[in-house]
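# Coordinates in review
Take a look at the letters that make up each chain.
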Amino acid sequence: MVLKVFFPSCCATAESGLLVGRWIPEQNSAVVLAVVHFPFIPGQVKQYLSEVQRVTQINMCVLGSWSNSKQEKEEVLDKFLEDLSTIFSHEPWIQLSKERDSKFWSCCIFQKYPSSPKEDEFILVYYDQRKVMLSQLHPTDNLTTSADHKGNDASKLGAVFDTVAKSKVLFMTDRYDDGPIKLTHWQSEGVEASIIVELMKQASVPVCMLLTFLLSLVSSVCKSRVLKFWPLSFIWSKLSTCEQLGHRLEHLQIISSNRKAQNQTQLMRKANIFVSLLIDMALGILLMSWLYRENRIGQLADTLIPVADHIAKELQDLLQWLMGVPAGLKMNRALDQVLGRFFLYHIHLWISYIHLMSPFIEMILWYVGLSACLGLTVALSILSDIIALLTFHIYCFYVYGARLYCLKIYGLSSLWRLFRGKKWNVLRQRVDSCSYDLDQLFIGTLLFTILLFLLPTTALYYLVFTLLRLLVVVVQGLIHLLVDLIDSLPLYSVILRLCRSYRLAASVKFRVLEQKAGKPLRLLMQINPLSYGSVVQTYRLTTYACYPKDSWSSLCKKLFVGELIYPWKHKGEKQD
């Protein structure tokens, strides 16, 4: 039988006493958590362990005895340590002793009813108690051929990590306490604490209560029936700023919640949201301070009008080029002139609207810049909405061209089925055979000829304005990607992986310290941290935005037949 003893490295210099911990019979392992020093009363030790067991829900017991070679090895002490097995009836009774003037340890086991006549083998595993207690062992997903074997090993190590993590109550006593029992563990020289952290915990209670009250008011206003009427509900569903504000409101409600995190995953999620909010607001305040320094708002407003005029002039030149002989193509003169004048009239309306708003643009930008204090993501969402408003005329051109082109494509496909003696069955959603008379074939041929010869002119306008629309959608998509990155990146987990990598454990490795025949094998357990990619994948936060559900083939098909291409949609939003 191979007996594994997990021994904390901080107890290697402890004075002689009792080994307190948990026995795991399924693994034939003993997890030592602390050493109880002399003098002690056995009844008080049993009472103390029962109280700890009631709080931690762990089967805590006395595993055996510990003898330090720094003290003089007396026969009376050895006899006393061996007799303790009759008081603390635990099977098996482990007796560890550190040999004097030697780096090897001796380990023996006492059993009243031995299960095997063979001699027991011991593996002594040292572990850093503080790191194991503060770390969380993550299951690995990239398992290969020996998946079951590695999964069993992970579950065995998980029991050791879970035992140490749940024994925090045992580690809250140090040698300066006046209790009857003296223990040695990783906090025996003094409980690790921070005055600043404790003051922040005390101050966070009224702050969270006030924040919860304010958020309840805001959420009640957002859920009111006033916002469900048509104009307000339409604006709230279409503007990226409103979506981002609602997303951040949910984050604030999670942070200010009075409910305690049930597990480590929920705690890490709260911490990631809190750090993401702090960094987002810090970046937003930096942006706001840059905007309001040296009158950059006024400079931006003075630049915006000439840029809008320049874009409008370029569009006018483009339309004049299309109304002529673009790239040497012969277009339908009448349709070309009608479409060109129609779009030129829209550009004229747009220029008039921009010049009408020019006296108020600086004031609008000044108030919009204040929203950066809510976070950089809110400022980027407002920028996306401003781009959508400033390019609204391009969107109108694209919709007009796409609808006209789509009408002609579907008309040509329907008339092409007429030539082949077929028609589209709307009820059964399939193509059926159909017989047409001479008049229907004549009208169909006439319409097919008209649509076919008008198609190049319409397709050219559609192609030009589709490219302009795709340019705007790409710019907005990049802004949404940046917002999604800031919202979803688990910054706290990444910082924790950088500064304290042992907190995010992927697995462990064992290093051989000493190996000698007749002596227990001594191993050192070290923690392998998660990779940065696994940290981001495991603790990535959910966001309101999502990637386009259309594939590249579906997107190309929509562009070919003239269906409208929308920006990236939000979750729960239908596409027309």
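- The chain goes by Phosphatidylinositol glycan anchor biosynthesis class Q in an unreviewed UniProt entry, where it is assigned to Chrysemys picta bellii.

### Some words on the overall build of the chain
- Counting its secondary structure elements, the chain contains 16 helices and 13 strands.
- The proportion of buried residues among the 576 residues of the chain is 40%.
- As presented, the chain carries roughly 33800 Å² of accessible surface, and 64% of it is formed by carbon and sulfur atoms.

### Here we look at a nonpolar patch on the surface
- Judged by side-chain polarity, F274, L278, I279, L283, L286 and I495 come together as a nonpolar surface patch covering roughly 530 Å² of accessible area.
- Among the elements that line the nonpolar patch, the one with the most residues is helix α8 (residues 264–291), at 5 residues.
- Tracing the backbone through its elements, the reader meets L286 in helix α8.

### Here we look at the packing of helix α10 (residues 333–370) against helix α13 (residues 438–488)
- It is the contact of α10 with α13, at a shortest axis distance of 10 Å, that shows an interaxial angle of 25°. Comparing the axis directions of α10 and α13 gives the class roughly parallel. In this structure, α10 meets α13 at a crossing whose hand is right-handed. Side by side, α10 and α13 meet where L335, D336, L339, G340 and F343 of the first sit next to L454, T457, T458, Y461 and F465 of the second.

### Focus on the pairing of strand β10 (residues 422–425)
- Note: β10 against strand β11 (residues 430–433), 4 bridges, orientation antiparallel. Looking at β11, one finds that K423 is bridged to D432.

### Description of the confidence of the model for the chain
- Across the chain, pLDDT averages 80, with 82% of residues at or above 70.
- Within the chain, the lowest mean pLDDT, 65, falls on helix α2 (residues 75–87), and the highest, 91, falls on helix α14 (residues 491–499).
- This model gives residues 142–147 a pLDDT under 50, and the stretch forms 2 contacts once residues within four places in sequence are excluded.
- In the predicted structure, residues 568–576 sits below a pLDDT of 50 and forms 25 contacts with residues beyond four places in sequence or in another chain.

### Let's talk about the side chain of H37
- Among the structural elements, H37 can be located in strand β3 (residues 29–37).
- H37 gets classed as buried once you look at its relative accessible area, which sits at 9%.
- Polar side-chain contacts of H37 include one of 2.2 Å to the side chain of T184.
- Every residue in contact with H37, bar those within four places of it in the chain, is listed here: A14, E15, S16, G17, K182, L183 and T184.

### Some points on the environment of V164
- Note on placement: V164 falls in helix α4 (residues 147–165).
- According to the relative accessible area criterion, V164 is buried, its value standing at 0%.
- In this structure the C-alpha to C-alpha distance between V164 and V31, which are 133 residues apart in sequence, comes to 8.2 Å.

### Digging into the packing of α10 against helix α12 (residues 392–419)
- The N-to-C vectors of α10 and α12 enclose an angle of 155°; their axes lie 10 Å apart at closest approach. It follows that α10 is roughly antiparallel to α12 by the angle criterion. Classified by chirality, the crossing of α12 by α10 is right-handed. Contact residues: L335, L339, F342, F343, H346, I347 and W350 in α10; F392, H393, F397, Y400, L404 and K408 in α12.
- Taken together, the residues of the contact of α10 with α12 sort by class into 10 nonpolar, 2 polar and 1 charged.

### Remarks on the pattern of salt bridges
- As enumerated under the stated definition, the model contains 7 salt bridges in all.
- Between R296 and E294 there is a salt bridge, with the nearest N and O atoms lying 3.6 Å from each other.
- A relative accessible area of 57% means that E294 is categorised as exposed.
- As a salt-bridge pair, R540 and D484 come within 3.3 Å of each other at their nearest N and O atoms. Of this pair, R540 sits in the loop between α15 (532–539) and α16 (552–561) while D484 sits in helix α13, and the two are 56 residues apart along the sequence.
- The exposure class of R540 is partly exposed, given its relative accessible area of 40%.
- Residues joined by salt bridges that share partners form a network here, namely R248, D280 and D487.

Conventions used here
- Residues numbered from 1 in each chain as written.
- Predicted model: local features only at pLDDT ≥ 70, side-chain atom pairs only at ≥ 80, totals over all residues.
- Heavy atoms only, no water.
- Helix = DSSP H or I, 4+ residues; strand = E, 2+ residues; numbered from the N terminus.
- Buried < 20%, exposed > 50% of the residue type's maximum accessible area, 1.4 Å probe, protein only.
- Areas by Shrake-Rupley, 256 points an atom, 1.4 Å probe, with all protein chains shown as cover.
- Patch = residues over 30% accessible without salt bridge, like charges linked within 9 Å, V, L, I, M, F, W, Y side chains within 5 Å.
- Salt bridge = Lys/Arg side-chain N within 4 Å of Asp/Glu carboxyl O.
- Axes fitted to C-alpha atoms, helices over the stretch in contact; angles between N-to-C directions.
- Parallel < 35°, antiparallel > 145°, perpendicular 65-115°, else oblique.
- Left-handed = near helix turned anticlockwise from the far one by under 90°.
- Contact = heavy atoms within 4.5 Å.
- Pairing = 2+ DSSP bridges.
- pLDDT = per-residue confidence, 0-100.
- Polar contact = N/O pair within 3.5 Å; in protein donor to acceptor, adjacent residues only side chain to side chain.
- Nonpolar A, V, L, I, M, F, W, Y, C, P; charged D, E, K, R; others polar.

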